[in-house]
Amino acid sequence: MTAPANTTLMFGRPFAVLRLFGERVTQRVDLRGLTVTLVLLLLALAISIYALASGEFQVPVGDVIGALFGQATPRVHMVVVEWRLPRASLALLLGAALGVSGAIFQSLTRNPLGSPDIIGFNAGSYTGALVVITLLNGSFYAIAGGALLGGLLTAILVYVLSWRNGVQGFRLIVVGIGVSAMLTSLNTWLMLRADLKVAMLASIWGSGSLNGLGLDRLLQASIVLVLVTPFVLMLARPMRQLELGDDAARAHGIDVERTRLGLMLVGVALTAIATGIAGPIAFVALAAPQIARRLAGSAGVALMPAAAMGALLLAASDVLAQRAFAPSQLPVGIVTVCLGGLYFAWLLMREARRQP
Amino acid sequence: MTSLAEVQGDDRARPSGLAESNGKRFALLIFATLALVLVCLASIAVGSRNIPLSTVFEALFSYADSDDHAIIMTLRMPRTLLGLTVGAALGLSGALIQALTRNPLADPGILGVNAGATFAVSLGVGFFGIATIQSYIWFAFVGALGATVLVYAIGSVGRGAATPVRLTLSGIAIGAVLTGISSAFAILDPATFDRMRFWAAGSLVTPGLDNLTVSLPFMLAGAVLALLVARPLNAIALGDDLAASLGTNILRTRAVVVVAVTLLAGSATAAAGPITFVGLMIPHVARWIVGPDQRWIILFTLVLAPILLLCADIVGRVIMPPGELQVGIVTAFVGAPVLIILARRGKASGL
């Protein structure tokens, strides 16, 4: 990394230029965005270490770090690495996935409210999963597939229904509420029809919980995220240009339709893996990109700060869900709904004060 | 009321509903009342055990101690009466909120009033161990009032009045938080909340007449207040400034409406659980029939809302034998498309 190469192109923001392989790969890095991302990641990491250390069996922080590097007693190793690590890492990974997918959808719809949870993805994926759980009695992959399909169809339906010479934020929300209300009725009906045991299972999944997730789920999430991440990195720059409008992006040499399709697929895949594993978790995808944007002071939603913020939000919410009422455990989805609703109210008041 | 348009002698400017003259409106009101009576009879007759109408009349007018008569008097009658009052209360509170906020999307459910009542009742069940409707209802009032004031306060932050959009959004935000906390209570204390499970889905099934007798006085008080503020609300529909210059006390009208909404939505929620979308749909139907005069809207809402709620209840009884679907679930399924249509309409945000 070198210092700012050309001070005349500063645009009022300090940046650094990353040059690799003798200038064959160069990347301009926004210093404030980078700092914010790093600080958020450090915070998220600190919270995760707290999550690993605390609980019914307290482990000193030194032992936790020792256990992570394979130097601890078998007992500590079992508690920290086998019991708590999958959950803590899943909170980080799925939070980041939700943050990025929210950023992608908000950028695509050019609307701060265009995140997957608002456009009905959550209620729809729950319906899809319920159909698979109660009617087809499917496996984990079938449930995840059903959730994905249900979420996608609902998101498309909401988007189409709110289309009227373009999509306006308020209409999107209200139509999203309407469709979600209908699906919620449908979900209740499916639950009432089902066997009590099946209904219990479905209900736990439906509130969005990281409880009792093991190494196998962590592995599945990691594989999907490793596969998707290169595409996210590849599409990050075209996404920025797409925000300028289709014509401007086309003039910059972007294949608009293909980029948009790619971004949609990546966004859906990221939401789907989070929803498939943990159930519908509301508001992380909505709030993370916007908070990150304000912290980083960037013009549009930025992917890396959004990912870090998502990880921090979900990790913190999960710690709260686990420890706030210990030994009782809450599904993390409830915590994110409460935090997200407060954030939303605050956002409303702030925007209202700003208006002339 | 002599509307502004009449004063100016401009008939085109006067928006009117299907029924243009007061005579037609009266006729339609009587027709609607007859329909309501029929729906009530159907609600008594239809169920997992269908009872012929003749038996229904016998049970009502010459009670003999047979099985059918017992079913009617101990189960179906209380249920129908509760549907009647709760439906009217929900419809009225919706009409009042829509008129006050001049927001066609307003509904006690959407603006978070029901969520507030539910939250307060969960609080009462969880921390104070309340278990009867007599104590539910006070918590429901406090919750409904708190949520209404909070949503209105957040919606009106900043310069300028609360816009319909901001009110709706703040209602959604507050509703989400309160619902989240209520479900957290339910998960933390499953044994206690098992009793609340059916209440929370919105149901008219209650043993005996307790829910009705406790909530009825409050609903009546709310309905009287609603009729009293109908005229000032007509003036407020012209805009705050114009209403003030016509001699309306805006602050007092607002306060009365908020109290009426709290009484109506709070007691309805306490008696039957949170039921959404009735308050959204019916005032629109009423406005479509009678035009913008609040006095007629309120009268028609009083009759039409119970029709909807009782029909939804009957559908819920027969759709999934031998089980039943709670009425709140049916109204949500019917009402949500109405919300979507309203949101899609061009001038959805002004009344």
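Residues numbered from 1 in each chain as written. Chains lettered and ligands numbered in written order. Predicted model: local features only at pLDDT ≥ 70, side-chain atom pairs only at ≥ 80, totals over all residues.

## Considering the overall build of chain A
Using the following cut-off: Per the convention used, a helix needs a DSSP run of H or I reaching at least four residues, while a strand needs a run of E reaching at least two, with both numbered from the N terminus. Between the two quantities, the radius of gyration covers C-alpha atoms and the globule rule is 2.2 Å times the number of residues to the power 0.38. Burial is judged by counting the other C-beta atoms within 10 Å of a residue's own C-beta: 20 or more makes it buried, 12 or fewer makes it exposed, and any count in between marks it as partly exposed, with every C-beta position built from the backbone. Working definition of a contact: two residues with C-beta atoms, positioned from the backbone, lying within 7 Å.
Counting secondary structure elements, chain A contains 13 helices and 2 strands. In terms of C-alpha radius of gyration, chain A reaches 21 Å, essentially the compact-globule figure of 21 Å for 356 residues. Per-residue burial over chain A gives 48% buried out of 356 residues. Taking the intrachain contacts of chain A between residues at least 6 apart in sequence as the baseline, contacts between residues at least 24 apart amount to 69%.

## Things to note about helix α13 (residues 278-290) of chain B
Residue and element names in this part refer to chain B. Stated precisely, the cut-off is as follows: Expected helix span is computed as 1.5 Å times (number of residues minus one).
Look at α13: 18 Å from first C-alpha to last across 13 residues, which is about the 18 Å you get at 1.5 Å a residue. Within α13, the full set of buried residues consists of V278, G279, L280, M281, I282, P283, A286, R287 and V290. On its buried face, α13 is in contact with α2 (22-45), α4 (67-101), α14 (294-318) and α15 (327-344).

## Quick look at the environment of B:G316
Residues and elements named next belong to chain B. Summarising the element assignment, G316 is placed in helix α14. According to the C-beta neighbour criterion, G316 is buried, with 24 such atoms within 10 Å. For the pair G316 and F26, spaced 290 residues apart in sequence, the C-alpha separation works out to 32 Å. Excluding anything up to four places from it in sequence, G316 contacts E324, L325, Q326, V327 and V330.

## So, the nonpolar core
Residue and element names in this part refer to chain A. Let me state the cut-off plainly: A set of buried Ala, Val, Leu, Ile, Met, Phe, Trp, Tyr and Cys residues, joined through C-beta atoms within 7 Å, is what we mean by a nonpolar core.
One finds L94 and A315 to be the most contacted residues of the largest nonpolar core, which totals 217 residues. Ranked by the residues each element gives to this core, the list is headed by helix α3 (residues 74-108), at 16 residues. If we skip the residues at most four places from it in the chain, A315 touches A44, I47, S48, A51, A91, L92 and G95.

## A look at helix α8 (residues 215-242) of chain A
Residues and elements named next belong to chain A. To keep it simple, the criterion reads: Bend is computed residue by residue as the angle between axes fitted to the seven residues ending at the residue and the seven residues starting at it.
With 28 residues, α8 should reach 40 Å at 1.5 Å per residue; the first-to-last C-alpha distance of 38 Å fits that figure. Of all bends in α8, the biggest is about 40°, found at A236, and the proline P238 comes one to four residues later. Inspection of α8 places R217, A221, V224, V232, L235, P238, M239 and L242 among the buried residues, and these make up the whole buried set. Along its buried surface, α8 packs onto α3, α9 (246-251), α10 (256-278) and α12 (303-323).

## Comments concerning the interface of chain B and chain A
Heads up, the condition is: In this classification, the charged set is Asp, Glu, Lys and Arg, the nonpolar set is Ala, Val, Leu, Ile, Met, Phe, Trp, Tyr, Cys and Pro, and all remaining amino acids, among them Gly, are polar.
Counting residues at the interface gives 34 residues for chain B and 34 residues for chain A. The greatest single-element share of the side of chain B that touches chain A, amounting to 16 residues, is contributed by helix α7 (residues 164-188) of chain B. Across the side of chain B that touches chain A, the residue classes tally to 25 nonpolar, 6 polar and 3 charged.

## With respect to the confidence of the model for chain B
All names here are of chain B. Put simply, the rule is: Confidence scores labelled pLDDT are given residue by residue by the predictor and lie between 0 and 100.
Scored by pLDDT, chain B has a mean of 80; 87% of the residues are at 70 or more. Every residue in residues 1-14 is under pLDDT 50, and counting partners more than four places away or in other chains gives 10 contacts. Both scores are given for the predicted complex: the pTM is 0.78, the ipTM 0.74.

## A few points about the packing of helix α2 (residues 61-68) of chain A against α3(A)
All names here are of chain A. The cut-off we apply is this: Lines fitted to C-alpha atoms define the axes here, with helix axes fitted over just the stretch in contact, and angles between the N-to-C directions of these axes take values from 0 to 180 degrees. Roughly parallel covers angles under 35 degrees, roughly antiparallel covers those over 145, roughly perpendicular covers 65 to 115, and oblique covers all other angles.
Between α2 and α3, the least distance of the axes is 9 Å, while the angle of their chain directions is 80°. Classed by the angle they form, the pair α2 and α3 counts as roughly perpendicular. For the pair α2 and α3, contact is made by D63, V64 and A67 and by V76, H77, V80 and V81, respectively. Its residues assigned to classes, the contact of α2 with α3 shows 5 nonpolar, 1 polar and 1 charged.

## Overview of the environment of A:G150
Residue and element names in this part refer to chain A. Residue placement: G150 occurs in helix α5 (residues 140-161). For the pair G150 and R75, spaced 75 residues apart in the sequence, the C-alpha separation amounts to 42 Å. Among all residues touching G150, those that are not within four sequence positions of it are G124, S125, T127, G128 and A129.

## A short note on unusual backbone geometry
Excluding glycine, residues mostly carry a negative phi; peptide bonds, for their part, are mostly trans. The backbone phi angle of A:F283 is positive, close to 80°, even though this residue is not glycine. Topologically, A:F283 is positioned in the loop between α10 and α11 (284-296).

## A few points about the packing of α4(B) against α14(B)
Residue and element names in this part refer to chain B. Selection criterion: What makes a crossing left-handed is the near helix being turned counterclockwise from the far one by less than a right angle; a clockwise turn instead makes it right-handed.
Two elements in contact, α4 and α14, have axes whose closest approach is 7 Å; the angle formed by their N-to-C orientations is 135°. Here α14 runs oblique to α4, going by the angle between their axes. The element α4 and its partner α14 pack so that their crossing is right-handed. Between α4, through T80, G83, L84, V86, G87, A88, L90, G91, L92, A95 and A99, and α14, the contact on the second element is made entirely by Q294, I297, I298, T301, L302, L304, A305, P306, L308, L309, L310 and D313. Among the residues forming the contact of α4 with α14, the class breakdown is 16 nonpolar, 6 polar and 1 charged.

## Section: the confidence of the model for chain A
Residues and elements named next belong to chain A. Looking at chain A as a whole, its pLDDT mean stands at 81, while 94% of the residues score no less than 70. Confidence scores differ between elements of chain A, with strand β2 (residues 25-30) showing the lowest mean pLDDT of 71 and α12 the highest of 90. In the predicted structure, residues 1-8 sits below a pLDDT of 50 and forms 11 contacts with residues beyond four places in sequence or in another chain.

## A few points about the environment of A:L219
Residue and element names in this part refer to chain A. Looking at the secondary structure, you find L219 in helix α8. According to the C-beta neighbour criterion, L219 is exposed, with 11 such atoms within 10 Å. Distance from L219 to L40, taken between C-alpha atoms, is 24 Å for residues 179 residues apart in sequence.

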